[in-house]
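# Structural features, examined
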Amino acid sequence: RQRRYTSYLGEAEKLAEKLQKLKPPKDHILEGTLGKLQFFVLPECCVRPGSTNSRNGFIGKLTSIFSSK
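The text that follows walks through the structure, step by step, so that each part is easy to find. (Residues numbered from 1 in each chain as written. Predicted model: local features only at pLDDT ≥ 70, side-chain atom pairs only at ≥ 80, totals over all residues. Heavy atoms only, no water.)

### As for the overall build of the protein chain
Let me state the cut-off plainly: Comment: elements are numbered from the N terminus, with helices defined as DSSP H or I runs of at least four residues and strands as E runs of at least two. Per-residue accessibility, obtained with a 1.4 Å probe over protein chains only, is compared with the maximum for each type, and a residue is labelled buried under 20%, exposed over 50%, and partly exposed between these values. A 1.4 Å probe and the Shrake-Rupley method give the accessible areas. Residues count as covered only by the protein chains that appear here.
Of regular secondary structure, the protein chain possesses four helices and zero strands. N-terminal to C-terminal, the α/β element order of the protein chain is α-α-α-α. Split into buried and exposed, the 69 residues of the protein chain put 12% on the buried side. As displayed, the protein chain has an accessible area near 6700 Å², and 56% of this comes from carbon and sulfur atoms.

### Details of helix H1 (residues 2-21)
Every α-helix carries 3.6 residues per turn, so stepping three or four residues along brings you back to the same face. Quick note on the threshold: Each helix should span, by expectation, one fewer than its residue count multiplied by 1.5 Å.
An ideal rise of 1.5 Å per residue puts 28 Å on 20 residues; H1 measures up with 29 Å between its terminal C-alpha atoms. In terms of burial, H1 is a largely surface element, zero of the 20 residues being buried.

### Remarks on the environment of valine 41
By the element assignment, valine 41 lies in the loop between helix H2 (32-37) and helix H3 (44-47). The sequence separation of valine 41 and leucine 30 amounts to eleven residues, and the corresponding C-alpha distance is 9.9 Å.

### A look at the environment of histidine 28
One can find histidine 28 in the loop between H1 and H2. A residue is classified by how much of its surface remains accessible, and histidine 28, at 19% relative accessible area, is buried. The sequence separation of histidine 28 and phenylalanine 40 amounts to twelve residues, and the corresponding C-alpha distance is 8.9 Å.

### Examining the side chain of glutamine 38
Here is the rule: Residues adjacent in sequence count toward polar contacts only when both atoms are side-chain atoms; beyond that, a polar contact is any pair of N or O atoms within 3.5 Å, and within protein one must be able to donate a hydrogen and the other to accept it. Note on definitions: a residue-residue contact is assigned when non-hydrogen atoms from the two residues lie within 4.5 Å.
Along the polypeptide, glutamine 38 turns up in the loop between H2 and H3. Relative accessible area serves as the criterion here: at 15%, glutamine 38 is assigned to the buried category. Within the structure, glutamine 38 has its side chain in polar contact with the backbone oxygen of phenylalanine 40 (distance 2.8 Å). The residues touching glutamine 38, leaving out its near neighbours within four places in the chain, are His28, Ile29 and Leu30.

Right, dumping it as structure tokens:
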């Protein structure tokens, strides 16, 4: 049991070191009401402006729900 714990802890430390070297994601704040409700970071692909599929995606659906149009 002790060997497994030590092994798992070592693996976790290696993963943490790799993650520290990665560039952190940019914080994307949504506009208007959605930005006030946002409490999480969105990946760039979700908020890319001008995307032809934006209305069909997650952000497009949220925008259509909260927009006054």
